[in-house]
Amino acid sequence: MATTTHLPDETFVPAPAGTRVRVMTGIVIMVFVVLVAIQAVVAPRRSTTDTWISVCAPLVGVPIVAVVWWFSRVRAYRIAGGELVVVRPGFPVRFSLEGLQSIEPDPDPMAGARKRRGNDGLGAVSGTYRSRKLGDFRAYVTDRERGVVLRAAAGTLVISPAQPAIFIDAVRRRTRGDL
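Residue positions are given per chain, counted from 1 along the sequence in the order it is written. Local features in this predicted model are restricted to residues whose pLDDT is 70 or higher, and side-chain atom pairs enter the listing and the counts only when it is 80 or higher, whereas totals over whole chains, interfaces and linings include all residues. In computing side-chain properties, one takes all heavy atoms of the structure into account and sets aside hydrogens as well as water.

Undergrad: Tell me about the nonpolar core, residues and numbers included.
TA: Nonpolar core, defined: a set of buried Ala, Val, Leu, Ile, Met, Phe, Trp, Tyr and Cys residues in which side-chain atoms within 4.5 Å join the residues together. The buried label applies to any residue whose accessible area, calculated with a 1.4 Å probe on protein chains only, is under 20% of its type's maximum; exposed applies above 50%, and partly exposed to all values in between. Of all hydrophobic cores here, the largest spans 22 residues; its most connected members are Tyr77, Ile79, Leu84, Leu150, Ile159 and Phe167. Numbered from the N terminus, helices here are DSSP runs of H or I no shorter than four residues, and strands are runs of E no shorter than two. At the level of elements, strand 2 (76–80), strand 3 (83–87), strand 4 (93–96), strand 9 (147–152), strand 10 (155–159) and helix 4 (164–174) are the ones that each hand at least two residues to this core. It is helix 4 that contributes the most residues to this core, 4 residues altogether. Apart from residues lying up to four places away in sequence, Leu84 is in contact with Tyr77, Arg78, Ile79, Val93, Arg94, Phe95, Leu97, Leu150, Leu157, Ile159 and Phe167. It only takes one pair of heavy atoms within 4.5 Å for two residues to be counted as in contact.

Undergrad: Give me the pattern of salt bridges: which residues, what numbers.
TA: Salt bridge criterion: a side-chain nitrogen from Lys or Arg within 4 Å of a carboxyl oxygen from Asp or Glu. Per the stated rule, a full pass over the model turns up 9 salt bridges. For Asp120, the salt bridge goes to Arg20, with nearest N and O atoms at 2.7 Å. Placement of the pair is Asp120 in strand 6 (residues 114–120) and Arg20 in helix 1 (residues 19–42), with a sequence separation of 100 residues. Owing to a relative accessible area of 23%, Asp120 belongs among the partly exposed residues under this scheme. A residue is classified by how much of its surface remains accessible, and Arg20, at 30% relative accessible area, is partly exposed. A salt bridge links Asp136 to Arg130; its shortest N-O distance comes to 2.9 Å. Residue classification places Asp136 among the partly exposed positions, given a relative accessible area of 41%. Residue classification places Arg130 among the partly exposed residues on the basis of a relative accessible area of 41%. Through salt bridges that share partners, Glu10, Arg173 and Arg174 make up one connected network.

Undergrad: Help me get a handle on the sheet that holds strand 5 (residues 102–106), residues and values and all.
TA: Whether two strands pair comes down to DSSP finding at least two bridges between them. Across the sheet, which stays open at both edges, the 6 strands sit in the order 5-9-10-8-7-6 with mixed pairing between neighbours. Edge positions in the sheet fall to strand 5 and strand 6, since each of these pairs with one other strand and no more. For this sheet the average axis-to-axis angle between neighbouring strands, irrespective of direction, equals 20°. Alignment of strand 6 against strand 7 (residues 125–131), held across 6 bridges, turns out to be antiparallel. The residue bridging Asp120 from the neighbouring strand is Val125, located in strand 7. For every element, the axis is a line fit to its C-alpha atoms; helices are fit only across the contacting stretch, and the angle between N-to-C directions ranges from 0 to 180 degrees. Against the sheet, helix 4 engages strand 5, strand 9 and strand 10, with an angle of about 180° to strand 5.

Undergrad: Before we move on, can you summarise the environment of Gly90 with the specific residues and values?
TA: Within the secondary structure, Gly90 is located in the loop between strand 3 and strand 4. Between the alpha carbons of Gly90 and Ile79 there is a distance of 18 Å; along the sequence they are 11 residues apart.

Undergrad: Residues and numbers for the pairing of strand 4, please.
TA: Only one face of strand 4 is covered, namely the one carrying Val93 and Phe95; the face carrying Arg94 and Ser96 has none of its residues buried. Sheet topology places strand 3 next to strand 4; 4 bridges connect them, and they run antiparallel. The residue bridging Leu84 from the neighbouring strand is Phe95, located in strand 4. The antiparallel pairing of strand 3 with strand 4 creates a hairpin that spans 5 residues between the two strands, and Gly90 there sits at a positive phi of about 80°.

Distances and angles like these do not, on their own, reveal function.
Rendered as structure tokens:
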């Protein structure tokens, strides 16, 4: 496969947060709200200071969850030279397009997938997964319904650009056209 290196870099916006990402983020927020409410009802009434400490104790986890959410989000997908870069705060992921075997849209690439390691929806669905359909793969998905599956020598990658058809055309321009 000959990769065209003279094309300028292209950046693609990820799909807006899909149902899975919105639901998981909402669940995490609701867990904190419920924990604070439970603490407010059950908290000992010895002194005002003790009550406030026990009511606010669950909020200690909020900064941790906020950091996980921030670093898990997919900001963009960039095609630069012969690689795809998943742009995430602090931790960009690079995927070589060298040896690209196929690229195809998939309306639900995560169907039947089992998470091996990663984030199941807080900010994005990201990590390593396994399914019968795709085998072992890495995912950096914001909306499962706009999936694009890339199979290359480097492995299988699932992403979700806002405009899958335009993204696929851009990758095909950089690789051999018969993908």
